[in-house]
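Residue-level structural notes
For reference, the chains in residue letters:
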Amino acid sequence: MLKKFSKLFLFLFLLLSLTACNGSPNLAPSQDNALPGTEPVSGSNTDSTPEQAQKEPLPDTGAAKDGDEEPLLSADATDQELLDALGENIHVITEDDYLSTVSELIEHTGEYSGNIYQLEGIFTKEGDDPYISRTFPKDGHSSSVRLPLKYLPKEPEENTPIRVTGIIIEGQIGGKAVTVLEVHVLEILEGSE
C-alpha cells in the first residue's frame, strides 16, 4: 500500500510540475507535443473553454491552508479514477499509426518527454527488463517495435495482451540511454493482439 501511495504521489507531483511549467491553470494538453496518430481522451470537464478557465477564478474551498495543496486523488484511488483525472492529457496511440508513432517517440524522446501516452501491445521481457511490444506485417516480413517499461504496478505473464498508460521519459537500459514508458496504469486485456 505504501509503495502504491508513493507512486501515486510521485505521479501527481510530476503532473502538477508539468502543469506549472505550462503556465496554465487548467490541465489542457499541449497540441504542440501531440503526434499524428494519437487522439486525446476527452475528459469530464470539457464544459469550459480555455478562455473561460483563464477568466473565472477557481472557487475557494478553504481546504488548503498555509500553502498546502490538496491532492487531486486520494492514496487509495483506483486506476480508473487516475485515468479519469488525467482526461484529455492522455494521447492514445491508434492502431493505424502505431508503428510510426512509437518510432517517432523513440527517435525524438526529448520532444515528447513528460507527455502521457496510452498504447496496447504484448508484455515481453528481455532478461529482467520488461517491454510492451507489437509486431506488424511489413513488405512480406514482420516488423516489431517495443518500448521498455518502468515502475510496473504488477508484472503480468509474458505474452499477455496489455494496455499501458504512462509518461514518456529518457531512461537507462543496459547502460544505454533509451526511450522509456514510465507506467502509471497497466490493464490486462482479454483476447490477443
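Just above sits the structure.
As the structure is a prediction and not an experimental result, all values here were calculated from the model.

Regarding the nonpolar core
Core analysis: the biggest nonpolar cluster contains 20 residues, and Tyr98, Leu119, Ile132, Leu149 and Val164 have the highest contact counts within it. Excluding anything up to four places from it in sequence, Tyr98 contacts Ile93, Leu119, Glu120, Gly121, Ile132, Arg134, Phe136 and Val145.

Looking at the pairing of strand β6 (residues 161–173)
Alignment of strand β3 (residues 116–126) against β6, held across 7 bridges, turns out to be antiparallel. Each bridged residue has a counterpart across the sheet, and for Gly121 the counterpart in β6 is Ile162. With 12 bridges connecting them, β6 and strand β7 (residues 176–188) associate as antiparallel partners. The residue bridging Ile168 from the neighbouring strand is Leu181, located in β7. Taking the residues that link successive antiparallel strands as the turn, the β6-β7 hairpin has 2 residues, and the phi of Gly174 there is positive, at about 60°.

Focus: the packing of aromatic side chains
Counted by the stated rule, this structure contains 1 aromatic pair. With a centroid separation of 5.5 Å and 45° between ring planes, the pair formed by Tyr98 and Phe136 is classed as tilted. A residue pair is termed long-range when its members are at least 10 positions apart, and Tyr98 in helix α4 (residues 98–107) and Phe136 in strand β4 (residues 129–138) qualify at 38 residues. Across the ring face of Tyr98, the terminal group of Arg134 is positioned such that the distance to the ring centre comes to 4.6 Å. Above the face of the Tyr131 ring, Arg146 is positioned so that its terminal group lies 3.9 Å from the ring centre.

Thresholds applied
Residues numbered from 1 in each chain as written. Predicted model: local features only at pLDDT ≥ 70, side-chain atom pairs only at ≥ 80, totals over all residues. Heavy atoms only, no water. Core = buried A, V, L, I, M, F, W, Y, C linked by side-chain atoms within 4.5 Å. Buried < 20%, exposed > 50% of the residue type's maximum accessible area, 1.4 Å probe, protein only. Contact = heavy atoms within 4.5 Å. Pairing = 2+ DSSP bridges. Helix = DSSP H or I, 4+ residues; strand = E, 2+ residues; numbered from the N terminus. Phe/Tyr/Trp six-rings, centres within 6.5 Å; stacked < 30°, edge-to-face > 60°. Lys NZ or Arg CZ within 6 Å of the ring centre and 35° of its normal.

Bear in mind that shape data such as this cannot, by itself, settle questions of function.
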